[in-house]
Amino acid sequence: MAVIAIGFVLGHILALALLYVLGTLYWQLYQLYQFHCWLRRSGKAAPPEASGIWGEIFDAVYRLQKKQRKSKRRMRQALNRIENSTAALKEGVIMADSNGNLEWWNNSAGLLLGLQRPTDRGQPITNILRNPEFFRYFSQKRFGEPLVIKSPSKDGIYLEVQTTLYDQNDHLIFVRDVTRLHLLEQMRKDFVANASHELKTPLTVIKGYLETLSMFKDNLPPSMQRGIVNMSDQSLRMEHLIEDLLLLSRLETNDKREAHQWLKIDDICETVKKTALPMMSDEHEISFDLPEDSYIYGASSELYSAFSNLVVNAIKYSPEGGVIRVKWVQNEFSGVFSVEDQGLGIDPRHIPRLTERFFRVDKGRGSNTGGTGLGLAIVKHVLIHHNAKLQIRSQPGFGSTFSCHFPTDRVRQEALLATVATEADGIDAPVQPQAHSQVQEEDATTETSSTS
């Protein structure tokens, strides 16, 4: 208003108004230029002196910057503490993005895996750990169970790798040295194998003398006759135990592995049937539902051991008059060998431990059934060798169903085999399955069914 009044007195209202507008615009541009220069200096210096609205803007921005710097300082300190504490861990910690590219790792991971900064940063972890088992484990995201591999940088060192997904499928990988545990496990396996082998020779001698005494037991007192019979029974039981221990040892150590080939399911089960029938009582009933044109790719003796153990267990634990059903079901996804019984059933809380060595649900039933407690452990290791898994469904009072699930590349039908042979330029030998994914050591899954 003062400019208008002065302009009216001087008679130049428009000229003075224009000069006022230009001056005000210049002042605003100057303040804006000062604000811009201050921000370009990261706002670390004191804000420019100004009055009015610009002074309030400078002060408000300065207060926000001080608050942000304090928050940033606290976050940096917290991050440094996390990095320092993680770097002090004996276990290796690795962070990788969703594609497996390395982002960060602590010192232990660098020592255990031979990682180098900054060369390996941004590299896919599968390029650093050139291990076929780790490649399958990582690429197929089978993170349910840890993986044990040899260290790529240190000879004789065994590492356990465990991976967790977080955020947007980024990878948090933990690596720890399990060499001592691995060596202890190897010592246990060697001890069991050697002890079983050494026991076999004296047991053979004892059995020989018992068989000789059995030929003349009619000339001995009744008390000694009973003793000879009991010793013969127990020596036979011990022989079975040693044989199972030796078989389990071979399966665990992959010693003298049998070559895999296409086998007819009906042929394997025919041998199982011959083994099972003498063990059955007159009241037992067993049925085999096996398609004639089904094949499986595997080791004949190992599959026979697995299938026969399941059938024999069903016979042993089925009551008089019980029905046992043996089936083979095949579809486009898998082949399933199942044994269903009408026994006492198993409490679901015991199912995860059934494949442990010598584990028994009822401690008092071992002597009655004559089992060694190793049957299901043998089944589990056979299935591991065939990339298969064991599923157990049971409920007390309704019997049990044991199912062996084989992957699709290990089961075929005769018609499909003929097609494959024709396409292979007249070669009759069936095509072997491709290298399968990492071995899944899955124990029984707990599932209950009222109709088991």
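Up top is the structure these notes are about.
Throughout what follows, the structure given in this document is the object of discussion. (Residues numbered from 1 in each chain as written. Predicted model: local features only at pLDDT ≥ 70, side-chain atom pairs only at ≥ 80, totals over all residues. Heavy atoms only, no water.)

Details of the overall build of the protein
- When you go through the protein residue by residue, the secondary structure sums to 13 helices and 14 strands.
- A buried classification covers 36% of the 452 residues belonging to the protein.
- Sequence-distant contacts, at least 24 apart, represent 60% of the contacts inside the protein between residues at least 6 apart.
- Summed over all atoms, the accessible surface of the protein reaches about 27300 Å², with 55% contributed by carbon and sulfur. (Helix = DSSP H or I, 4+ residues; strand = E, 2+ residues; numbered from the N terminus. Buried < 20%, exposed > 50% of the residue type's maximum accessible area, 1.4 Å probe, protein only. Contact = heavy atoms within 4.5 Å. Areas by Shrake-Rupley, 256 points an atom, 1.4 Å probe, with all protein chains shown as cover.)

As for helix α8 (residues 222-253)
- Taking 1.5 Å per residue as the helical rise, α8 with its 32 residues ought to reach 46 Å, and the 47 Å between its terminal C-alpha atoms agrees with that figure.
- By the burial criterion, the buried members of α8 are I228, S235, I242, D244, L245, L246, L247, L248, S249, L251 and E252. (Expected span 1.5 Å × (residues − 1).)

Section: the environment of G156
- Among the secondary structure elements, G156 is positioned in the loop between β3 (147-150) and β4 (158-166).
- G156 gets classed as exposed once you look at its relative accessible area, which sits at 55%.
- Sequence separation between G156 and T179 is 23 residues; the distance between their C-alpha atoms is 7.7 Å.

Brief notes about the nonpolar core
- By size, the foremost hydrophobic cluster in this structure holds 44 residues, and its most contacted members are I296, F337 and F406.
- Counting residues per element, this core draws most heavily on helix α10 (residues 300-316), which supplies 7 residues.
- Excluding anything up to four places from it in sequence, I296 contacts Q261, W262, L263, I265, I268, L303, W328, F406, R410 and V411.
- One finds I149, I157, I173 and V175 within the second-largest nonpolar core, a separate group that totals 21 residues. (Core = buried A, V, L, I, M, F, W, Y, C linked by side-chain atoms within 4.5 Å.)

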